[in-house]
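Observations on chain architecture
Each chain is listed here by its residues.
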Amino acid sequence: MESRRHGLLVAPVAAAVAASRVHVGVHYPADVLAGCLLGSGSALATSRWLPRRPPAGAFAHRRAPAPALPGGAGLVVVVNAEAGSGPSADGDRIRKLLPGAEVVEPGPDEDLAAVLATAAGRARALGVRGGDGTVNAAAAQAAERGLPLAVFPGGTLNHFALDTGIGGFSQTAEAVMAGEAVGVDVARVRPAPATSGADRYFLNTFSLGIYPELIRAREELRGHAGLGAWDRWPSAAISLVRVLTTAEPFEVALNGRPKRLWLLFTGNGLYSPEGFAPYHRTQLNDGLLDVRVVTADKPLARTRLALTALTGTLAYSRVHTAVRLPSLRLTALPDGGAIAYDGETAAAPRELLLDKYPEPLAVYRRLSTGVP
């Protein structure tokens, strides 16, 4: 399922082991056949909750103009040493790959947003090393100034880098020197005209309701248990049950229509799979928001939400609705609520407009010959 090449190597060995169990009289043929079916069935069933990320060739990207910077001359890279896990020598790695680039490593007491703004003011292209939250802050500066962005993934999950097809530091450096880039949408969170506050941006997701609480609970559980990435579904399942026991639905008007919801999820582009645990995107410039809601006005909505989420059938439930929209207006938001976007949280104003920034952001990435 993950690699046909490796599967071709493993399959003969597995078949030989199965045959040997029968040959030496340890098991009956029916026992071995049942074991093969159980193993294969478990793998196929697991793919409902842990879907396979598509290969790089499946990404639907379009070229975007970006300057070629030999040796990285004109590129200013801000390295967030706080992102990811443990100390990092990534600044030195970037200097070796791009000796002409300026690498800025802010201290623990410096404001990252201010450092990014200063760096963007003197750069031909802005670079950033960090996780999704750090990349989000850099993308906001790059979009507003019309600069291309170079992403050096250094966070825990790196959703944006994975969905863009950025493989690592060396590939980003090669793209910078060759001037190869793709255009990606930047989604905005805009307060109402009468409301004070600046626009916020998200490259991945925006959410209201129990989704931020679920993510926070899941990460706390994984951190305390010392578990790895393989536990995505078990930790999500346990966290879902915990959050639903204390959570309360909220009232909001979506494009003027009052709703009572458990959660609202908005993706910057279409996420797969459908349902409660969106995992990846293959296109980042479709101009649409992936809006999913779970309503609280159906009978036994909380129980149905838990059961369908745990069984991977939420996409077929009547409490779940998914639509694709160019923009979404949220009004009558509850006082004291919070919004979550790309791993960051903020207080929710009474009114919001979600849409896309007018121009796509150019992100350095190595291109295949078939990319238009």
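Here the structure is a predicted model, which is why all the values come from computation and not from measurement.

What counts and how
Residues numbered from 1 in each chain as written. Predicted model: local features only at pLDDT ≥ 70, side-chain atom pairs only at ≥ 80, totals over all residues. Heavy atoms only, no water. pLDDT = per-residue confidence, 0-100. Contact = heavy atoms within 4.5 Å. Axes fitted to C-alpha atoms, helices over the stretch in contact; angles between N-to-C directions. Helix = DSSP H or I, 4+ residues; strand = E, 2+ residues; numbered from the N terminus. Left-handed = near helix turned anticlockwise from the far one by under 90°. Nonpolar A, V, L, I, M, F, W, Y, C, P; charged D, E, K, R; others polar. Buried < 20%, exposed > 50% of the residue type's maximum accessible area, 1.4 Å probe, protein only. 1 Å grid on protein atoms, 1.4 Å probe; cavity = no way out; pocket = protein on both sides within 12 Å on 5 of 7 lines; lining within 4 Å. Points joined across faces, edges and corners; volume = space filled by probe spheres on them. Expected span 1.5 Å × (residues − 1). Lys, Arg positive; Asp, Glu negative; His and termini not counted. Salt bridge = Lys/Arg side-chain N within 4 Å of Asp/Glu carboxyl O. Polar contact = N/O pair within 3.5 Å; in protein donor to acceptor, adjacent residues only side chain to side chain.

Once that is clear, we can look at the confidence of the model for the protein chain. Per-residue confidence for the protein chain gives a mean pLDDT of 84; residues scoring 70 or more make up 83%. Contacts from residues 225-230, a stretch scored under 50 in pLDDT, to residues over four places away or in other chains number four contacts.

Now for the packing of helix α4 (residues 112-121) against helix α5 (residues 132-145). Axis separation between α4 and α5 bottoms out at 10 Å; the angle between their running directions is 35°. Here α4 and α5 pass one another in a crossing that is right-handed. Residues Leu 112, Ala 113, Leu 116, Ala 117, Ala 120 and Gly 121 of α4 pack against Thr 134, Ala 137, Ala 138, Gln 141 and Arg 145 of α5. For the contact of α4 with α5, the class distribution of residues is seven nonpolar, three polar and one charged.

Moving on, we come to unusual backbone geometry. Residue Asn 255 is not a glycine yet carries a positive backbone phi of 50°. Inspection of the secondary structure assignment puts Asn 255 in the loop between β9 (250-254) and β10 (257-268). Notably, Ala 332 is not glycine yet its phi reads approximately 60°, a positive angle. For Ala 332, the position within the fold is in the loop between β13 (328-331) and β14 (338-341). On the basis of relative accessibility, which here comes to 43%, the residue Ala 332 falls in the partly exposed class.

So, about empty space enclosed by the protein. Taken as a whole and judged by the stated rule, the model has two cavities of 30 Å³ or more. Counted as a void, the second largest cavity has a volume near 40 Å³. Along the walls of the second largest cavity sit Gly 130, Gly 131, Asp 132, Val 135, Val 151, Pro 153, Asn 158, Phe 160 and Ala 161, which together make up its complete lining. Across the lining of the second largest cavity, the residue classes tally to five nonpolar, three polar and one charged.

End to end, α5 covers 20 Å across 14 residues, agreeing with the expected 20 Å (1.5 Å per residue, within 8%). The buried count for α5 comes to 10 of 14 residues, which makes it a mostly enclosed element. One or two steps after α5, the chain reaches Gly 146, where phi turns positive at roughly 70°.

On to the side chain of Asp 132, then. Relative to the helices and strands, Asp 132 is located in helix α5. The buried charged residue Asp 132 lacks any salt bridge partner; its closest oppositely charged side chain belongs to Arg 281, at an N-O distance of 6.8 Å. Of note is the side chain of Asp 132, whose polar atom sits 3.0 Å from the backbone nitrogen of His 159. Not counting chain neighbours up to four residues away, the residues in contact with Asp 132 comprise Asn 158, His 159, Phe 160, Asn 204 and Asp 342.

Now for the pattern of salt bridges. Proximity of charged atoms lets side chains of opposite charge pair with each other. Within this structure, the stated rule accounts for 16 salt bridges. For Glu 105, the salt bridge identified is with Arg 95, shortest N-O distance 2.9 Å. Here Glu 105, found in the loop between β2 (102-104) and α4, pairs with Arg 95, found in helix α3 (residues 90-97); they are 10 residues apart in sequence, far enough to count as distant. By relative accessible area, Glu 105 is classed as partly exposed at 44%. Overall, the relative accessible area of 33% leaves Arg 95 in the partly exposed class. For the salt bridge of Arg 188 with Asp 355, the shortest nitrogen-to-oxygen distance reads 3.0 Å. Taken together, the residues span a long stretch of sequence, with Arg 188 in strand β6 (residues 187-191) and Asp 355 in strand β16 (residues 352-356) at a distance of 167 residues.

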